[in-house]
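Coordinate inspection notes
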Amino acid sequence: MSSTVTIQDRQSKVTRWLLVPGIVWMSLFLVVPIAMIVYVSFWTQTTFNISSDPTLASWKQFFSSDTYTGSLWTTIRIWLIVLATTFIVGYPTALFVGLFVKSKTLSTVLLVVCVIPFWTSFLIRVLAWRPMLGKEGAINIVLLKLGIIQQPIEVLLFTELSVIIGMTQIYCVFMVGPIAFMLSRIDRNIIEAARDLGAGFGRIFWKIIFPLSLPGVVVGAIFVSVMVLGEFATSGALSGRKVNLLGNIIVTQVGSLKWAMASVVGVVLTIVMGVVIAGLLRIVDLKREL
Amino acid sequence: MESRFIKPALGVYVALFVLFLYGPFVVLTIISFQQGPDGGPQFPIVEWSTYWYRQVFGLTPPSRIAPLPFGEALIRSLVLALMTMVVSTVLGVMSAQAFRRSFKGSTFVFYLIVLGMMVPGVLTGLGTSLLANNIIGIERHWYTTAFATHVAYTFPFAFLVMLAILNRFDSSVEEAAWSLGVDPWTTFRKVTFPLIFPGVLSAMLFAFTLSLDEFPRTLFASGRDQTLPLAIYGTFSVEIHPNIFAFGVLTTLFSFALLSVYGILMALSVRRAKKMAMQEDIA
C-alpha cells in the first residue's frame, strides 16, 4: 500500500517538474509583459521618456482625440469586413474539400495547395499585392484587355479596399482549414437519410451541414480575428498610410518614443481582443464539440 | 440530382479560389524577371532578364539601386529560428507529457499556454520592450528579448502538436518497459521518444517556420540588429525594386527545400518504424 502511494507521489512530482519551465516561461514573457502594458498606460509621459508617476493623462488624450478613437472604429470595421469576406470566400472551398471530395488524397492535395503560399515571407506576400492592384497592375491590365473596363480602376490600390483584398487573401486559408475539418467529420449517413426522406440540398445544407460546421467557423473566426485585430503591416503597406488600425498607432507611437500612449492603445486592443474571443467562445462550446 | 450541378460549380469555384491565392505570387515571380537596373516593380515587363537575381547575390556592377541589406539579417533569423525551435519543442514535449496525467489546474495551465498564440504579436513585443527598458533595465537584442517572445509564440503550437500525438499514444509499451524495471527516463529515451518522433519533427517544423517569418513580435523586441523580416520591412518605407521580389522567389524555393528535407526525414522514420515492427514479427 505504501509503495503505491510513493509511486503516485513521485509521478505527480514528475508532472510538476515537467510543467514548471513552460509555466514560468509563459508567465514571464507573456503575462507579465501584458500586465506591464496596463501598468505603463498610467505612467507620465515626458518628451522623450516616461516616469512611473501615476496619471490618467494618456487615457484622457486617447478618448479626446479623433485620430485615436477613429482608429478604434476603423479596426473594428476592417475586422468585421475581413471576417465576413474570409468566411464568404472560404466556406465554399471548405465545403468542396471537406464534404464533396470523396478521395482522401485529393482533399489532402487541395489542403496542401492552400498552405503552399505560406512558404513565402508574409511581408513579401503583402507587397506582392502592389503590382497586382496598381493603376498599371495585373488586374487592370487583364480587365482592359478583356474589354470589361475602358479606364483603369484607380481605387484598387492605396485605399481601404486594397487592405481588405490583401487581408482576405492572406487570412482566408485560416477559415478553410477548420471548416473543412468539421465538415469531413459529418456522418454521411445522416445526409443520406435526409435525402432518402426527400430533403433537397438547400434544406440539408441549412438543417444539417451548416449547423454541424459551426464549430469550425468559430475556430476559423478566432484565428482570423486574432490576426486581423493585431495587424499593422498590411494596412501600412497597402493603404498608403490612409488606413490606421490600432496596431499602426502603436507602431507610430513607439517610433516617436511615446511609450505611455502606445500602452494605452495596447490596453484598448487587449480589451477588444478579449471581448471578441470570449464572445466567439460563447457561441459554440468548443470543449464539448472537439 | 441537385448535387450533380453543385459539385462541378464548387469545383470551378475552388479553381478560382486557388487563382486568388496564387495570383499575387505569380505576378511577383513575373516581375522578378524585370529588366534591370532601370525596370521598376510594375508592368509592363520591359525585357526579360535575371538581373535582379544576380543583384541579390551581389553579382552585378554597382548601380543606383543599393543591394538588399539582407546578408547578416538572414543569418540572425536562421540562428534565432533554430534556438526557438529547440527550446519550443523541448518545452512542448515536456508540457504535453505532463498533460497525459490529470492534475489540478490543468485547464488553467492549458489556457495559459494557448494564450501565447492568441495574443497579438504587437502586444507581446510592446510589453516585453517595456519590461526590458523600464523594469529590468537591459538592452533589447534579437537573441534575448525577441527570442523570449518567439518561444512564447511557438511553444503553444509545439505543445498542441505533441498533445495530439500523445493523445493517440498507446502507453502499454511504456508500462511493459516499467514492469521490466527500466527507469522512467530511459523508458522515455528508448521507447516513448522514438515512437513520438514524427510528432516532434512536426513541432520543430512549426516552431522553425513561425519564428523565421515572425515580424510583429520582433519589431519592438529585437533592438538594434535586424532580423530578416525587419530588414524586408525596412524596404517598405523607401522605394521598392524588383530585387525584393526576386528575393521572395528565392526564399520560397528555400522553404520548398526545407520541407523536402522534412518529408524525407518523416519518410525515413516511418520506414524505420515499419522495419522494426517487421523484425519483431520475425522474432
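Quick caveat, the model's predicted, so the values are computed rather than measured.

**Focus: the overall build of chain B**
Regarding its fold elements, chain B presents 11 helices and zero strands. For chain B, the sequential pattern of α-helices and β-strands runs α-α-α-α-α-α-α-α-α-α-α. The C-alpha radius of gyration of chain B comes to 24 Å, more than 25% above the 19 Å expected for a compact globule of 283 residues. In terms of its C-alpha atoms, chain B occupies a principal-axis envelope of roughly 75 × 65 × 45 Å. Taking all 283 residues of chain B together, the buried fraction comes to 41%. Sequence-distant contacts in chain B: of pairs separated by 6 or more residues, those separated by 24 or more amount to 77%.

**Thoughts on the overall build of chain A**
From N to C terminus, chain A includes 14 helices and two strands. In terms of overall size, chain A is more extended than a compact globule, its C-alpha atoms giving a radius of gyration of 24 Å where 290 residues would be expected to give roughly 19 Å. Its C-alpha atoms give chain A principal-axis dimensions of roughly 90 × 70 × 35 Å. Expressed as a percentage of the 290 residues in chain A, the buried residues total 43%. Counted over contacts in chain A with a minimum sequence separation of 6, partners at least 24 positions apart contribute 70%.

**Quick notes on the interface of chain B and chain A**
Counting residues at the interface gives 66 residues for chain B, matched by 64 residues for chain A. Of all elements in the fold, only α1 (3–32), α3 (71–98), α4 (106–118), α5 (121–136), α6 (142–167), α9 (216–221), α10 (228–237) and α11 (242–282) of chain B reach the threshold of two or more residues within the side of chain B that touches chain A. A total of 18 residues in the side of chain B that touches chain A trace back to one element, the largest contributor, which is α1 of chain B. The residue makeup of the side of chain B that touches chain A, split by class, is 46 nonpolar, 16 polar and four charged.

**Details of helix α8 (residues 184–212) of chain B**
For α8 of chain B, built from 29 residues, the straight-helix expectation of 42 Å at 1.5 Å per residue is missed by more than 12%, its first-to-last C-alpha distance being only 35 Å. Taken as a whole, α8 of chain B carries its principal kink of about 60° at Phe 197 of chain B; the proline Pro 198 of chain B stands between one and four residues after it.

**Focus: the domain arrangement of chain B**
Residue and element names in this part refer to chain B. You can read the domains of chain B as domain 1 (1–64 + 243–283) and domain 2 (71–238). Distance from the C-alpha centre of domain 1 to the C-alpha centre of domain 2: 26 Å. Contacts between the two partners involve six residues from domain 1, matched on the other side by six residues from domain 2. Counted by class, the side of domain 1 that touches domain 2 contains five nonpolar, one polar and no charged residues.

**Here we look at the packing of α5 of chain B against α6 of chain B**
All names here are of chain B. The N-to-C vectors of α5 and α6 enclose an angle of 140°; their axes lie 10 Å apart at closest approach. Taken together, the axes of α5 and α6 are oblique relative to one another. Between α5 and α6 lies a crossing whose hand is right-handed. On α6, the residues that touch Gly 121, Thr 124, Gly 125, Thr 128, Ser 129 and Ala 132 of α5 are Thr 145, Ala 148, Thr 149, Ala 152 and Tyr 153. Across the contact of α5 with α6, the residue classes tally to four nonpolar, seven polar and no charged.

**Observations concerning unusual backbone geometry**
All names here are of chain A. Despite not being glycine, Phe 158 shows a phi value in the positive range, around 60°. Even without being glycine, Arg 241 reaches a positive phi, approximately 60°. For Arg 241, the position within the fold is in the loop between α11 (233–238) and α12 (246–255). Classification of Arg 241 by C-beta neighbours within 10 Å gives exposed; the count is 11.

Conventions and cut-offs
- Residues numbered from 1 in each chain as written.
- Chains lettered and ligands numbered in written order.
- Predicted model: local features only at pLDDT ≥ 70, side-chain atom pairs only at ≥ 80, totals over all residues.
- Helix = DSSP H or I, 4+ residues; strand = E, 2+ residues; numbered from the N terminus.
- Rg over C-alpha atoms; globule rule 2.2 N^0.38 Å.
- Buried ≥ 20, exposed ≤ 12 C-beta atoms within 10 Å, placed from the backbone.
- Contact = placed C-beta atoms within 7 Å.
- Nonpolar A, V, L, I, M, F, W, Y, C, P; charged D, E, K, R; others polar.
- Expected span 1.5 Å × (residues − 1).
- Bend = angle between axes of the 7 residues up to and from the residue.
- Domains from an automatic or database assignment.
- Axes fitted to C-alpha atoms, helices over the stretch in contact; angles between N-to-C directions.
- Parallel < 35°, antiparallel > 145°, perpendicular 65-115°, else oblique.
- Left-handed = near helix turned anticlockwise from the far one by under 90°.

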